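Okay, here's what each chain looks like letter by letter:
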Amino acid sequence: MKLGRNARFSTICLHAGQEPDPSTGAIITPIYQTSTYVQEELGRHKGYEYARTQNPTREALEANLAAIEGGRGGIAFASGMAAINAIASLLESGDHVVMSDNVYGGTYRLFDKVLSRYRLSFTSVDTGDLDQVARAITPATRMLFVETPSNPVMRLTDLRAAADLAHHRGLRLVVDNTFASPCLQRPIEFGADLVTHSTTKYLNGHSDSVGGVVIATRDDDIEWLKFVQNAAGAILSPFDSWLVLRGTKTLPVRMAQHSANGMALAQFLASHPKVRHVYYPGLPSHPQYELACRQMRGFGGMLAFETGSLEAAARVLKSVRLMALAESLGGVETLISHPATMTHASVPADHRRELGISDGLVRISAGIEDIADLQEDLAQALDKV
Ligand code: PLP
């Protein structure tokens, strides 16, 4: 099972970071469910001393995810938020961050309510417009933090242009690549310095684990993030590491189906008389469709649509039978949600409106069910509006 230097994406997903288990030859990396390791004698051990610091299952996952994203090192954390918090620890008191104005609400909350107490400041702008980014940069700015496509209105940021601007001004470009997955978008190829994921979503893909990862390109960042992983201790458990490793083996086949279903639902909704607008980067009507074609290899399973009112949205959400009303995304089963009262409830109402998150907006995370069943379900739900 030697991975050639020119191995293709699906092969990397399946094999990178994983050698047959040295003690038995097991093809699947075991769950090393241990807290400590026996040492042969004082000062002599096999490279493993204590499981917060080193764990073979987690290390296999970290190597796998680094290879999938095309980075030099991966560092896995207990959640997507723990991973973003570790990225923030690259900053020092007094530093400033420019970030996308519709990042995941938890990311906004972390900066606004927690990191601001440590004299870290941030400015939110539409990173889809790089003039706004350039204007927001101050002498204290150290990082540009981008989420593309954004949640839930699928606004894109031009990754290559963002990397060029960031590097020209001496900033690190950080990309939260959770929505696209590395199967559809590889930010490091466009110049990103750090990529983060909530592995809870597409990377694990089966709605049965919470986790996060940072993929880094610079040796000094890798060293610091590993140090913080051990020092702060928000590690991904061996079992969760194993689940995500299993998930990445099927990432390309799952993403192909998520993308096919996402596109079919977007087209269906775009031609439905009761739907006012569809947000999906794969539709030629999307204002950044050309950019999506340039930097994404597929358009994914996330989409949102405008029903016109809270009542209409509530009726759709109450009437679906197969789609599950739930937060989160990226699992094999289709989820439907109401951003204004669920994922984005903590965003002030006037700011929500500015971002296009109206009371009538409905978000779908398209799963991998048969598309005919999904369409029938949405059609009968929209009939009730
Ligand atoms: N980033 C994005 C884009 C997300 O959607 C989420 C969670 O929904 C997170 C980060 C945080 O991840 P977690 O819930 O695993 O902490």
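Structure first, text after, so check above.
Because the structure is predicted, anything quoted here is derived from the model rather than measured. (Residues numbered from 1 in each chain as written. Predicted model: local features only at pLDDT ≥ 70, side-chain atom pairs only at ≥ 80, totals over all residues. Heavy atoms only, no water.)

Novice: Give me the lowdown on the overall build of the protein, citing residues and values where you can.
Specialist: Along its length, the protein carries 13 helices and 12 strands. A globule of 385 residues ought to have a C-alpha radius of gyration of about 21 Å, and the protein, at 21 Å, matches this closely. For the C-alpha atoms alone, the extent of the protein along its principal axes is close to 75 × 50 × 35 Å. Looking at the protein as a whole, 54% of its 385 residues qualify as buried. A separation threshold of at least 6 residues defines the contact pool for the protein, and within that pool the share at least 24 residues apart is 73%. A total accessible area of about 16600 Å² is found for the protein, and carbon and sulfur atoms account for 53% of it. Side chains of the protein give 36 positive and 41 negative charges; the mean places of these two sets differ by 0 Å. (Helix = DSSP H or I, 4+ residues; strand = E, 2+ residues; numbered from the N terminus. Rg over C-alpha atoms; globule rule 2.2 N^0.38 Å. Buried < 20%, exposed > 50% of the residue type's maximum accessible area, 1.4 Å probe, protein only. Contact = heavy atoms within 4.5 Å. Areas by Shrake-Rupley, 256 points an atom, 1.4 Å probe, with all protein chains shown as cover. Lys, Arg positive; Asp, Glu negative; His and termini not counted. Charge placed at Lys NZ, Arg CZ, Asp CG, Glu CD.)

Novice: Give a detailed account of helix α4 (residues 105-114), specifying residues and quantitative values.
Specialist: A turn of α-helix holds 3.6 residues, and therefore any two residues three or four places apart point the same way. Residues of α4 that are buried: Gly-105, Gly-106, Thr-107, Leu-110 and Phe-111. On its buried face, α4 sits against α3 (80-88), β2 (96-100), β3 (121-125) and β4 (141-147).

Novice: If you had to explain helix α8 (residues 238-249) to someone new, which residues and values would you point to?
Specialist: End to end, α8 covers 17 Å across 12 residues, agreeing with the expected 16 Å (1.5 Å per residue, within 8%). Those residues of α8 lying buried are Pro-238, Asp-240, Ser-241, Leu-243, Val-244, Leu-245, Gly-247 and Thr-248. Among the structural elements, α1 (9-15), α2 (56-69) and α9 (251-270) are those in contact with the buried residues of α8. (Expected span 1.5 Å × (residues − 1).)

Novice: Please give an account of the state of the cysteines that cites residues and values.
Specialist: Evaluation of the coordinates by the stated rule reveals 0 disulfides. Cysteine Cys-183 shares no disulfide, and the gap to the nearest cysteine sulfur, in Cys-13, comes to 6.5 Å. (Disulfide = S-S within 2.5 Å.)

Novice: Requested: an account of the sheet that holds strand β5 (residues 172-176), with residues and values cited.
Specialist: Strands sit in the order β1-β7-β6-β5-β4-β2-β3 across an open sheet of 7 strands; the sheet is mixed. Bordering the open sheet on either side are β1 (73-77) and β3, each of which pairs with just one other strand. Pairwise comparison of adjacent strand axes, ignoring direction, gives a mean angle of 20° for this sheet. Direction of pairing for strand β6 (residues 194-198) relative to strand β7 (residues 212-216): antiparallel, over a ladder of 5 bridges. Paired with Val-195 across the strands is Ile-215, a residue of β7. Most of the contacts of α2 go to β1, to which it runs at about 125°, and overall it touches β1, β6 and β7. (Pairing = 2+ DSSP bridges. Axes fitted to C-alpha atoms, helices over the stretch in contact; angles between N-to-C directions.)

Novice: Can you explain the nonpolar core? Please cite residues and give values.
Specialist: Formed by 79 residues in total, the largest nonpolar core has its most connected members in Leu-144, Leu-173, Leu-269, Phe-305, Ile-336, Ile-364 and Leu-378. For this core, the element with the highest residue contribution is α9, accounting for 6 residues. Formed jointly, this core draws a minimum of three residues from each of two domains, domain 1 (9-249) and domain 2 (251-382). Look past the residues within four positions of Leu-144 in its chain and what remains in contact with it is Val-98, Thr-127, Val-133, Ala-162, Ala-166, Leu-171, Arg-172, Leu-173 and Val-174. (Core = buried A, V, L, I, M, F, W, Y, C linked by side-chain atoms within 4.5 Å. Domains from an automatic or database assignment.)

Novice: I'd like a description of the environment of Thr-138, backed by residues and values.
Specialist: Among the structural elements, Thr-138 can be located in the loop between α5 (130-136) and β4. Judged by relative accessible area, which is 32%, Thr-138 ranks as partly exposed. Residues Thr-138 and Val-98 lie 40 residues apart in sequence; the distance between their C-alpha atoms is 9.2 Å.

Novice: I'd love a proper account of the site of the ligand, names of residues and values included.
Specialist: Around the ligand sit Ser-79, Gly-80, Met-81, Tyr-104, Glu-147, Asp-176, Thr-178, Ser-198, Thr-200, Lys-201 and Gly-211, and that is every residue in its neighbourhood. Between the ligand and Met-81 there is a distance of 2.9 Å, counted from an oxygen atom to a backbone nitrogen or oxygen. Between a nitrogen atom of the ligand and a side-chain N or O atom of Asp-176, the distance comes to 2.7 Å. Protein coverage of the free-state accessible area of the ligand, which is 390 Å², stands at 90%. Residues that form the shell around the ligand fall into these classes: 2 nonpolar, 6 polar and 3 charged. (Near = heavy atom within 4 Å. Polar contact = N/O pair within 3.5 Å; in protein donor to acceptor, adjacent residues only side chain to side chain. Nonpolar A, V, L, I, M, F, W, Y, C, P; charged D, E, K, R; others polar.)

Novice: I'd like a description of the packing of α3 against α4, backed by residues and values.
Specialist: Where α3 contacts α4, the two axes come as close as 10 Å, and the packing angle between them is 40°. Regarding the angle of α3 to α4, the classification is oblique. Seen along the crossing, α3 lies across α4 with a hand that is right-handed. Here α3 contributes Met-81, Ile-84 and Asn-85 to the contact with α4, which in turn contributes Gly-106, Thr-107, Leu-110 and Phe-111. Partitioned by chemical class, the residues of the contact of α3 with α4 number 4 nonpolar, 3 polar and no charged. (Parallel < 35°, antiparallel > 145°, perpendicular 65-115°, else oblique. Left-handed = near helix turned anticlockwise from the far one by under 90°.)

Novice: Which residues make up the sheet that holds strand β11 (residues 335-337), and what values do they have?
Specialist: Whenever strands of a sheet pair, they do so through backbone hydrogen bonds, lying parallel or antiparallel. One open sheet accounts for 5 strands, arranged β8-β9-β12-β11-β10; its pairing is mixed. Two strands lie at the open edges of the sheet, namely β8 (277-279) and β10 (324-325), each paired on one side alone. As paired strands, strand β9 (residues 302-306) and strand β12 (residues 361-365) are joined by 5 bridges and run antiparallel to one another. Residue pairing in the sheet places Met-302 in a bridge with Ser-365 of β12. The strands touched by helix α11 (residues 310-319) within the sheet are β9, β10, β11 and β12, with β11 carrying the most contacts at an inclination of about 155°.

What is shown is where atoms sit, not what they do.
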